[in-house]
Amino acid sequence: MQTPERMRADASQGPGPTTRRLRIHLSGRVQGVGFRPTVYRVATCLGLTGLVRNDGQGLTIEVQGSGPALDAFIERIRTTDRPPLASIEAWRVDQIPVVLGDDGFHIEASDLIGDAGCEVCPDVAVCKDCLAEMSDPTDRRFQYPFINCTNCGPRYTIVVRIPYDRPNTTMAGFVMCPECRKEYEDVRDRRFHAQPVACPACGPRVWLVGPDGHKLCKEGPDAIDQAAAMLRAGRIVAVKGIGGFHLMVDACNDDAVRQLRQRKRRDHKPFAMMAASIKQVARHAQLCPPAVDALLGPQAPIVLLPKRKDHGIANSVAQGVATFGFMMCYAPVHHLLLPKGPGVVVATSGNISDEPLICDNDMALRQLAQVADAFLMHDRPIFRQVDDSVVQIIDRQPMLIRRARGYVPEPIFMRHGSSHQILALGADLKNTPCLVKGNQLICSEHIGDLADAEVFRHYLRSIAHLEGLFDIRPSLLACDMHPGYVSTSYAQKVAGRFKMVLQVQHHWAHLASVLAEHQLDGPVIGLIADGTGYGPDGAIWGCECLVGDLRRFDRLAHLEYYPLPGGDKAAKEAIRPLMGLLTKVAGPDLRSYQDLLDLAMPDRQSQQVIYRQLGAAVNTVQTSSLGRLFDAVACLLGLGTQNHYDGQLPMALEAIAWPDVSDGYPVTLTGNQETGAQLSLMPFMDGLLNDLKAGLAPGLISARFHNVVAKGLLEMAIFASRTTGLRSVAISGGVFCNRYLTERVIGLLRQAGLEVYWNRRVPANDGGISVGQAAIASSLVGDRL
């Protein structure tokens with residue numbers, strides 16, 4: 001233990017006949033959130049003595065006094081006086097011997113005895129108190145773009161190692177001035193042990209440069225003013241924030257947005273936006289109370305919101321979707337910039353296409369000089385680049401679609417701990433690796449597509465960083481079963497470093513992610529729907545009804561197989577699943593559908609290549625993919641022929657669906673309890689094709705298609721419930737990022753008397769796969785090792 005640096009209270013108390021001493025240990029998000037000064041203030045207010053310190057496991061409190069005072073202390077720490085950013089996952093209270101002559105309450109220096117099992121706090125949006133000071137001309141931090149306190153500011157992006165003390169962060173190079181040092185050391189101050197604490201006299205600075213690196217004006221407020229003026233003029237400005245650079249442009253200037261698309265080489269994928277106030281968001285999108293809470297919460301994620309009809313946002317911001325992605329200003333520099341600028345800006349990741357987010361000043365100039373007209377930079381190093389998180393509202397609750405800033409590296413706590421440390425590699429798309437230590441699932445921030453070489457290097461760095469940050473040395477490796485995955489190949493390459501490599505079926509991992517998040521033992525029914533997942537039978541699964549827990553699973557039902565030609569191309573070119581479906585439901589002669597096929601692919605020579613593939617079963621697999629079915633229907637309705645980004649056509653199909661349609665197409669589930677069941681394609685595809693030939697509105701057809709999918713999933717769940725007697729259903733997979741479908745499925749399952757669980761804290765898409773892999777490996781490790 002280090003020599004204590006003691007912060008002494010005036011209160012002093014000798015032991016009386018009813019005096020007791022308690023040792024309280026807290027784990028969870030309890031470091032870097034102002035817990036120690038809060039404990040100090042409550043203890044001294046109640047006349048208690050003792051100590052509090054951070055350690056390698058969390059927070060330890062020793063508190064001594066009368067029984068009623070101790071009871072009051074515990075109640076206040078648990079409820080009314082708990083710091084706003086704290087999250088207590090485990091609480092242990094032990095009675096220990098009374099200390100004679102205890103002379104007040106002390107805050108001790110960090111003690112690192114034990115494992116590094118405590119949480120590193122996620123980055124937090126700037127708080128109201130700091131905003132008030134930043135707006136006060138008499139305050140010494142007036143208009144200072146790096147203002148922060150114990151309740152807000154950067155955490156994960158600046159921490160190099162634990163414990164979370166200033167020398168272990170990227171703020172180590174900034175020596176505090178006497179005034180900041182006084183605040184930092186005063187237990188009564190809001191900035192007590194706020195590691196990034198700084199001011200204009202001693203802290204980071206901000207400046208504006210052109211693409212050549214030369215300054216365009218003076219540092220400080222002038223740089224922010226000039227950047228705001230450039231945004232108003234339709235220029236593109238790269239702005240360095242907490243987790244990296246944003247590329248910003250006026251969201252209502254269509255010419256400027258289209259120019260950003262051209263320079264960034266992002267022709268189709270919707271842009272996220274940032275707004276200066278919630279009122280401005282309300283002008284452009286429809287708000288509900290849960291959405292407002294999410295927007296204004298400390299995590300400050302991007303929230304997907306329905307567009308208003310006369311929204312006023314440039315058409316090129318988010319074409320082909322029914323929602324806008326809005327976030328609020330969360331860094332002080334945003335609050336200084338946007339009110340002087342357009343008020344609503346596109347705020348997209350500072351990178352080229354789908355490469356990793358850029359967080360280094362020199363790299364930004366090298367890689368974005370042809371994209372941005374100016375760079376608003378600062379000199380506080382970012383140790384971990386972290387993208388913005390994305391949520392949507394499902395059943396009036398936020399559901400994560402991308403888990404990153406504001407949420408990472410907060411662990412998911414399992415119901416049962418693991419006897420081994422584990423690394424789960426995740427999937428190849430929307431990748432996130434996950435580590436297991438004890439009962440903690442420590443999932444990384446969103447990494448991206450591992451097929452990109454730079455993303456893969458970032459992936460390896462992320463694993464190494466998390467292992468070091470949490471002092472984890474994995475002995476077990478978990479990965480996907482897909483033989484073509486980059487992550488599977490990597491697992492094979494490094495297998496010799498581990499005692500065992502466990503391959504986990506993709507859809508079982510989706511199911512397990514729900515079980516782990518909700519601390520369920522199972523078994524439960526699992527409705528898993530996505531685009532691609534390698535099945536044990538060699539087919540590509542994608543619409544599955546499983547029954548399982550963290551130790552095993554069985555497949556009870558699935559969407560009827562159809563042929564899928566073209567391998568990886570089938571995920572991008574909708575003509576491929578479309579032709580596979582048509583040959584399944586109409587036979588090999590597709591001449592009656594030639595007009596439809598010509599719309600999807602005018603080149604008949606290319607059509608013939610695919611047709612021959614199907615006839616000879618060359619480069620063609622059998623699939624139950626619901627994601628590819630969505631692609632095919634979107635293509636039939638004329639919404640596009642290509643997925644230029646993951647989920648583009650299904651999102652377009654969701655966007656046009658009429659909201660008040662309750663009818664659908666026929667649903668037929670064939671099979672029995674012994675052989676399993678299949679959801680037949682023929683009945684509802686016949687109905688859909690008839691509607692299309694009759695010239696019915698695409699929005700009506702889309703709604704009926706969504707409804708028949710929801711009803712088909714319900715029928716599979718009912719079949720599984722009757723077969724097993726189970727009444728709990730977990731839903732997961734990328735298809736359930738479709739809000740229209742998901743809310744209908746939840747409603748139908750509830751109407752049938754089934755209890756429904758779905759991903760909220762981890763994404764339902766492949767961003768949650770590693771959590772499921774890790775939970776399964778944790779459960780099986782005792783059997784295998």
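Residues numbered from 1 in each chain as written. Predicted model: local features only at pLDDT ≥ 70, side-chain atom pairs only at ≥ 80, totals over all residues. Heavy atoms only, no water.

A. Main features of the environment of Asp 388. Looking at where Asp 388 falls in the secondary structure, it is placed in the loop between strand S13 (374-378) and strand S14 (390-394). Taking the C-alpha atoms as reference points, Asp 388 and Tyr 407, 19 residues apart in sequence, are found 9.7 Å from one another. Contact partners of Asp 388, with chain neighbours within four places excluded, come to His 246, Ile 302, Met 327, Tyr 330, Arg 402, Ala 404 and Arg 405. Within polar-contact distance, the side chain of Asp 388 engages the side chain of His 246 at 2.7 Å. (Helix = DSSP H or I, 4+ residues; strand = E, 2+ residues; numbered from the N terminus. Contact = heavy atoms within 4.5 Å. Polar contact = N/O pair within 3.5 Å; in protein donor to acceptor, adjacent residues only side chain to side chain.)

B. Main features of the sheet that holds strand S10 (residues 302-306). Taken together, the 10 strands give an open sheet; going across it, the order is S6-S13-S7-S8-S12-S9-S11-S10-S14-S15, and neighbouring strands pair in mixed fashion. Edge positions in the sheet fall to strand S6 (206-209) and strand S15 (397-402), since each has one partner strand and no second. Adjacent strand axes in the sheet meet at a mean angle of 35° when their direction is disregarded. The strands that helix H21 (residues 739-751) touches are S10 and S14; relative to S14, the one it contacts most, it runs at about 40°. (Pairing = 2+ DSSP bridges. Axes fitted to C-alpha atoms, helices over the stretch in contact; angles between N-to-C directions.)

C. Spatial organisation of the pattern of salt bridges. By the definition in use, this model includes 43 salt bridges. Among the salt bridges present, the one from Asp 379 reaches Arg 205, with a minimum N-O distance of 3.2 Å. Taken together, the residues span a long stretch of sequence, with Asp 379 in the loop between S13 and S14 and Arg 205 in the loop between helix H4 (178-185) and S6 at a distance of 174 residues. Given a relative accessible area of 38%, Arg 205 falls into the partly exposed group. With a shortest N-O distance of 2.6 Å, Arg 604 and Asp 598 are connected by a salt bridge. (Salt bridge = Lys/Arg side-chain N within 4 Å of Asp/Glu carboxyl O. Buried < 20%, exposed > 50% of the residue type's maximum accessible area, 1.4 Å probe, protein only.)

D. How the structure looks around the packing of helix H14 (residues 575-586) against helix H16 (residues 604-616). In the contact formed by H14 and H16, the axes pass within 10 Å of each other and the chain directions differ by 50°. For the element pair H14 / H16, the angle class is oblique. Crossing hand, H14 versus H16: right-handed. Facing Ile 575, Arg 576, Met 579, Gly 580 and Thr 583 of H14, the residues of H16 in contact are Gln 607, Ile 610, Tyr 611, Gln 613 and Leu 614. Residues that form the contact of H14 with H16 fall into these classes: 5 nonpolar, 4 polar and 1 charged. (Parallel < 35°, antiparallel > 145°, perpendicular 65-115°, else oblique. Left-handed = near helix turned anticlockwise from the far one by under 90°. Nonpolar A, V, L, I, M, F, W, Y, C, P; charged D, E, K, R; others polar.)

E. Quick look at unusual backbone geometry. Here the amide bond leading from Val 408 into Pro 409 is cis, since omega sits at 10°, within 30 degrees of zero. Along the chain, Pro 409 falls in the loop between S15 and strand S16 (412-413). Residue Pro 523 is reached from Gly 522 by a cis peptide bond, and omega for that bond is 5°. Position of Pro 523 relative to the elements: it lies in the loop between helix H13 (506-517) and strand S22 (524-534). You will see that Asp 471, though not glycine, has its phi angle at about 50°, which is positive. When its relative accessible area of 36% is taken as the criterion, Asp 471 is described as partly exposed.

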